[in-house]
Amino acid sequence: PAAPAGPGRERDEALPMPTSVNYHFTRQCNYKCGFCFHTAKTSFVLPLEEAKRGLEMLKEAGMEKINFSGGEPFLQDRGEFVGKLVQFCKQELKLPSVSIVSNGSLIRERWFKKYGEYLDILAISCDSFDEDVNVLIGRGQGKKNHVENLHKLRQWCREYAVAFKINSVINRFNVEEDMNEQIKTLNPVRWKVFQCLLIEGENTGEDALREAEKFVISDEDFERFLYRHKDVSCLVPESNQKMRDSYLILDEYMRFLNCKNGRKEPSKSILDVGVEAAIKFSGFDEKMFLERGGKYVWSKADMKLDW
């Protein structure tokens with residue numbers, strides 16, 4: 001039976017709700033991953049108060065989950081910028097879920113001491129448990145060991161009651177790897193496994209800052225990797241098709257990015273035209289978002305975690 005038409009019902013069906021938003025507030029990064037599809041084309045970051053104003057608008061439009069991403073979120077003001085936003089979203093806006101995606105290289109324990117209580121989920125990008133492969137991909141900084149760092153962050157997440165998640169991009173260099181043991185040891189709440197994705201103007205094409213073609217794998221390759229890890233209960237696979245339209249992405253100017261045509265076409269900024277006008281251009285597929293399991297238990301209060 002159809003849901004009863006109540007006040008505001010018409011708007012709901014016509015427009016997607018920004019239930020879960022990924023805010024890439026910076027494009028700057030200290031790593032150079034060869035397949036990155038959100039590259040350092042600008043160094044712009046909104047002033048803190050403007051960013052807060054936009055987040056408040058999103059909350060009023062129905063946002064329940066915010067994910068801060070980049071670039072590398074901890075580069076800006078040594079992690080203070082993202083810390084203040086995380087605190088604002090949890091304390092002032094009272095959002096059920098606040099998360100960050102980071103490469104983990106710049107996070108210090110003092111950040112957890114100050115802001116850990118306001119963060120539900122920390123997702124760390126890790127594409128390989130072989131340090132040589134990480135270097136090949138571009139996830140490396142001289143002497144720092146990406147994998148050792150991952151274990152340290154895992155421990156801090158336990159100590160400061162933050163849910164720990166891992167994101168991996170499956171590409172030509174890691175598609176044959178067996179990550180079963182390492183993932184089970186780290187025991188994240190979610191292991192997001194992405195198929196390497198080409199985005200025109202970001203990691204492919206003439207005006208791109210990266211050339212990701214050499215990283216791309218076929219759907220069959222991706223399926224084989226998934227099959228090898230089928231016993232990992234926290235695995236959440238994301239094929240290219242699933243990824244393309246099922247994320248609401250806000251760029252550094254708070255413009256929704258429409259990835260439907262394999263590029264990122266920006267809307268006008270929500271700060272200028274409001275959330276409703278901007279979201280019309282987002283190409284967001286709400287049905288695909290729900291199908292890929294985009295809505296899950298995402299507040300740490302509701303997770304049955306052994307802190």
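Heads up: the structure comes first, above all this text.
Everything in this summary refers to the structure shown in the same document. (Residues numbered from 1 in each chain as written. Predicted model: local features only at pLDDT ≥ 70, side-chain atom pairs only at ≥ 80, totals over all residues. Heavy atoms only, no water.)

1. Some points on the environment of Arg255
- As for its placement among the helices and strands, Arg255 is situated in strand S9 (residues 255-258).
- In sequence terms Arg255 and Tyr23 are 232 residues apart; their C-alpha atoms lie 9.4 Å from each other.
- Leaving out residues up to four positions away in the same chain, Arg255 has contacts with Ile249, Leu250, Pro266, Ser267, Lys268 and Ser269.
- Within the structure, Arg255 has its side chain in polar contact with the side chain of Asp251 (distance 2.8 Å). (Helix = DSSP H or I, 4+ residues; strand = E, 2+ residues; numbered from the N terminus. Contact = heavy atoms within 4.5 Å. Polar contact = N/O pair within 3.5 Å; in protein donor to acceptor, adjacent residues only side chain to side chain.)

2. With respect to the packing of aromatic side chains
- For the structure on display, the rule yields 15 aromatic pairs.
- Aromatic pair Phe44 and Tyr253: ring centres 4.5 Å apart, planes at 20 degrees, arrangement stacked. Within this pair, whereas Phe44 is found in the loop between strand S1 (20-24) and helix H2 (48-60), its partner Tyr253 is found in the loop between strand S8 (249-250) and S9, the two being separated by 209 residues in sequence.
- Relative accessible area serves as the criterion here: at 30%, Phe44 is assigned to the partly exposed category. (Phe/Tyr/Trp six-rings, centres within 6.5 Å; stacked < 30°, edge-to-face > 60°. Buried < 20%, exposed > 50% of the residue type's maximum accessible area, 1.4 Å probe, protein only.)

3. What to know about the nonpolar core
- The biggest cluster of nonpolar side chains holds 67 residues, and the ones touching the most others in it are Tyr23, Leu55, Ile66, Phe68 and Trp191.
- The element contributing the most residues to this core is helix H3 (residues 80-92), with six residues.
- Setting aside residues no more than four positions away along its own chain, Tyr23 makes contact with Leu46, Ala51, Leu55, Ile66, Asn67, Phe68, Ser69, Leu85, Leu250, Asp251, Glu252 and Met254.
- Within the second largest apolar cluster, 17 residues are counted, among which are Tyr31, Val133, Ile137 and Phe194. (Core = buried A, V, L, I, M, F, W, Y, C linked by side-chain atoms within 4.5 Å.)

4. Considerations on the packing of H2 against H3
- Contact geometry of H2 with H3 gives a least axis separation of 11 Å together with a crossing angle of 35 degrees. Here the hand of the crossing between H2 and H3 comes out right-handed. Taken together, the residues of H3 that come into contact with H2 (itself represented by Leu48, Ala51, Lys52, Leu55 and Glu56) are Phe81, Lys84, Leu85, Phe88 and Cys89.
- Across the contact of H2 with H3, the residue classes tally to seven nonpolar, no polar and three charged. (Axes fitted to C-alpha atoms, helices over the stretch in contact; angles between N-to-C directions. Left-handed = near helix turned anticlockwise from the far one by under 90°. Nonpolar A, V, L, I, M, F, W, Y, C, P; charged D, E, K, R; others polar.)

5. Focus: the environment of His24
- Topologically, His24 is positioned in strand S1.
- For His24, a relative accessible area of 10% corresponds to the buried category.
- The spacing of His24 and Glu72 is 48 residues in sequence and 8.9 Å in space, taken between C-alpha atoms.
- Filtering out sequence-adjacent residues up to four positions away, His24 remains in contact with His38, Ser69, Gly70, Ile249, Leu250, Asp251 and Glu252.

6. Let's talk about the side chain of Asn171
- Here Asn171 shows up in the loop between strand S5 (163-170) and helix H7 (180-186).
- Once residues within four sequence positions are removed from consideration, Asn171 is found in contact with Phe35, Ile137, Cys196, Phe215 and Ile217.

7. Considering the environment of Asn261
- Residue position: Asn261 is located in the loop between S9 and strand S10 (265-269).
- A relative accessible area of 59% means that Asn261 is categorised as exposed.
- Taking the C-alpha atoms as reference, Asn261 lies 41 Å from Gln155; in sequence the two are 106 residues apart.

8. A closer look at unusual backbone geometry
- Each neighbour pair has its own omega, and for Gly70 with Gly71 the value is 20 degrees, a cis peptide bond.
- Inspection of the secondary structure puts Gly71 in the loop between strand S2 (65-69) and H3.
- Of note, the phi angle at Met254 is positive, near 60 degrees, even though the residue is not glycine.
- Inspection of the secondary structure assignment puts Met254 in the loop between S8 and S9.

9. Here's the deal with the state of the cysteines
- Within this structure, the stated rule accounts for zero disulfides.
- Unpaired in this structure, Cys126 has its nearest cysteine sulfur neighbour in Cys33, at a distance of 11 Å. (Disulfide = S-S within 2.5 Å.)

10. Digging into H3
- With 13 residues, H3 extends 17 Å from end C-alpha to end C-alpha; this agrees with the ideal 18 Å at 1.5 Å per step.
- Taken together, the buried positions of H3 are occupied by Phe81, Val82, Gly83, Leu85, Val86, Phe88 and Cys89.
- Looking at the buried residues of H3, the elements they touch are S1, H2, S2, strand S3 (97-102) and helix H4 (109-115).
- Lys94 sits one or two positions beyond H3 and adopts a positive phi of about 55 degrees. (Expected span 1.5 Å × (residues − 1).)

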